[in-house]
Amino acid sequence: MLDIRLIRSDPGAVKAALDRRGPGTSDGVDDVVAQDAEQRRLVASRDETRSRIKSLSREVGRLRGEGRADEAEAAMAQSRSLGDEEEALAKAAAELADGIRAALLGLPNLPSEEAPDGAGEQDNVVLRTEGYDAAAYGEHQRVPHWEIGAELGILDNERATRISGSMFTMYRGWGARLLRAMVQLSLDRNADAYEEVRPPTLVRTQTMTSTGHLPKFADEAYHVERDDLWAIPTAEVPLTSLHGDEILDGADLPLRYMAYTSCFRREAGSAGKDTRGLLRVHEFDKVELLAVAAGREQAIACQRDVLARGEGLLRDLGLAYRVVDLCTAELGNSAARTWDIEAYAPGVDQWLEVSSVSWFGDYQARRANIRYRAAEGSGRGTEVAHTVNGSAMGWPRTVAAYLETHRQLDGSVAIVEALRPYVAGADRIVSR
RNA sequence: GGAGCGGUGGCCGAGUGGACGAAGGCGGCAGUCUUGAAAACUGCUGACCCUCCGGGGUCCGUGGGUUCGAAUCCCACCCGCUCCGCCA
């Protein structure tokens, strides 16, 4: 949610920044400005009326105490008639406030001025590519992961579909074990700075609203209507709300958390797109890293840290990857700046998005109401925190890139050094 | 799911419908004393919104209601605790 004070004081700059995402993004800002002015006018006269009612009421008590019943009666009558006035003003002000809040919830975040301008995917900027050499891949690596999975008996999407429908996956045997090894590696590598959390995967509407997944993207999430709970699309959702409605001590920031959870996405509108194998599924696993920071500078340092950790894990797995700076048109609704990490999968010859590392400014923290008290003597009171998050590792696609990259001439798949401690030292996956 | 009790400031906790934004304590900050620290004593110490910077207003789980006036009375909901039932 954008700061209404910023919109009020400089609507032109807000509109210009929003429109960098695409034409028409700032529609509604003028409306908000007008409604806000009217709402404040109403609140001012409501407050004035209330103040008069309060002093009259005190007067009633005092007059009664002094036995001046007639005068008390007169004050009561006057106060009563002011009451109707106050009620009407309060109702009008509250309705406007609801409307303003709804409009604000619908506005996306301002892109960082450092995010590259652009109109679509083609305008994303590749910052760097690591470990990629097209000529280095042999024919044995040009096999799509679903074939490798079937050959080795480690992926069983056919039966997953029978159990849950299309775009669900199932790991079996070494597939499940490889996944578990990667999860453990991801958590262990980040335990030095991030507290491990196992949050709930079903959350309230308020929790989904805080990260910006609601109200705009309700169609993307699974909703348990009977209990009004939402299946999280990412651990970012519960982790962001971990400190919701709290005032943190600025000296404790940044706070860093990581969580391994299942993630659920309806992928509405993408049926039939990239659906082969593990490229796009409704339920997947992910280790998410998240930081709550004090201000821009600290937040950006945290974002760099998350990115470095995501890259480090891909290097541990021996995968080629590139880092992409998303252009303004491709930024998620809540993000100010996002770096995607894409792993190269030789079998399908695609760069697969395996991590998305975003800085949200105070947009999410304002929705979640996460504040912090600045250092003593800084002359500042409580401030809205900044949030940052990104995947340490996200699964089906990482497994896809892994299987294709490490497939050997004999059809087995090598287990890299970093994973061996988690698989009792085994060094390859062979057909059973 | 049923019954009972409860939800008050950073924390604990008091609060007969009338000066209650709220006693008291703890914690925190500042000062006195001290070479320094501790102890003792004194003072200060919530968040948020608006402002013509004088001030005004909102907030006692949430939302309604009663009343001239609600932390206090009524209703609904949420959360917690205890017991019963059910259950992995």
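Residues numbered from 1 in each chain as written. Chains lettered and ligands numbered in written order. Predicted model: local features only at pLDDT ≥ 70, side-chain atom pairs only at ≥ 80, totals over all residues. Heavy atoms only, no water.

Student: Kindly report on the packing of helix H7 (residues 174-190) against helix H10 (residues 295-316), identifying the contributing residues and their values.
Tutor: The description of two packed helices rests on the angle between their axes and on the distance between the axes. Axis separation between H7 and H10 bottoms out at 11 Å; the angle between their running directions is 135°. For the element pair H7 / H10, the angle class is oblique. Crossing of H7 over H10 shows right-handed handedness. On H10, the residues that touch Leu185, Ser186, Arg189 and Asn190 of H7 are Arg309, Leu313 and Asp316. (Axes fitted to C-alpha atoms, helices over the stretch in contact; angles between N-to-C directions. Helix = DSSP H or I, 4+ residues; strand = E, 2+ residues; numbered from the N terminus. Parallel < 35°, antiparallel > 145°, perpendicular 65-115°, else oblique. Left-handed = near helix turned anticlockwise from the far one by under 90°. Contact = heavy atoms within 4.5 Å.)

Student: Which residues make up the sheet that holds strand S11 (residues 350-359), and what values go with them?
Tutor: Spatially, the eight strands line up as an open sheet ordered S1-S9-S10-S11-S14-S8-S7-S2, and their pairing is mixed. In the strand order of this sheet, the two ends are held by strand S1 (125-130) and strand S2 (195-197), each with one partner. This sheet shows a mean twist of 25° between the axes of neighbouring strands, independent of strand direction. Bridge analysis of strand S10 (residues 337-345) against S11 gives nine bridges, and the strand direction is antiparallel. Residue Trp339 lies in a different strand from S11, and its bridge partner there is Val357. Packed on one face of the sheet, H7 meets S2, strand S7 (255-264), strand S8 (283-293) and strand S14 (386-394) and runs near 5° to S8. Along the sheet, H10 makes contact with S1, S7, S8, strand S9 (321-325), S10, S11 and S14, crossing S14 at roughly 0°. (Pairing = 2+ DSSP bridges.)

Student: I'd like to hear about the packing of aromatic side chains, residue by residue, with values.
Tutor: This model, assessed by the stated rule, comprises five aromatic pairs. Arranged with centres 6.3 Å apart and planes meeting at 35°, the rings of Tyr132 and Tyr137 form a pair that is tilted. Of the residues examined, Tyr132 reaches a relative accessible area of 32% and is grouped as partly exposed. Members of the aromatic cluster, joined through ring pairs, are Tyr132, Tyr137, Tyr344 and Trp351. Looking at Arg177, its charged tip hangs above the ring of Trp174, at a distance of 4.7 Å from the centre. (Phe/Tyr/Trp six-rings, centres within 6.5 Å; stacked < 30°, edge-to-face > 60°. Buried < 20%, exposed > 50% of the residue type's maximum accessible area, 1.4 Å probe, protein only. Lys NZ or Arg CZ within 6 Å of the ring centre and 35° of its normal.)

Student: Run through the protein's contact with RNA strand B, naming residues and quoting values.
Tutor: Taken together, 18 residues lie near RNA strand B, and Arg8, Ser57, Arg64, Ser79 and Thr382 sit nearest. Across the atoms of RNA strand B situated within 4 Å of the protein, the share located in sugar and phosphate is 73%. Asp47 is positioned with one of its side-chain polar atoms (N or O) 2.8 Å from a sugar or linking oxygen of RNA strand B. In the model, a base nitrogen of RNA strand B is placed 2.5 Å from a nitrogen or oxygen of the Ser57 main chain. (Near = heavy atom within 4 Å. Polar contact = N/O pair within 3.5 Å; in protein donor to acceptor, adjacent residues only side chain to side chain.)

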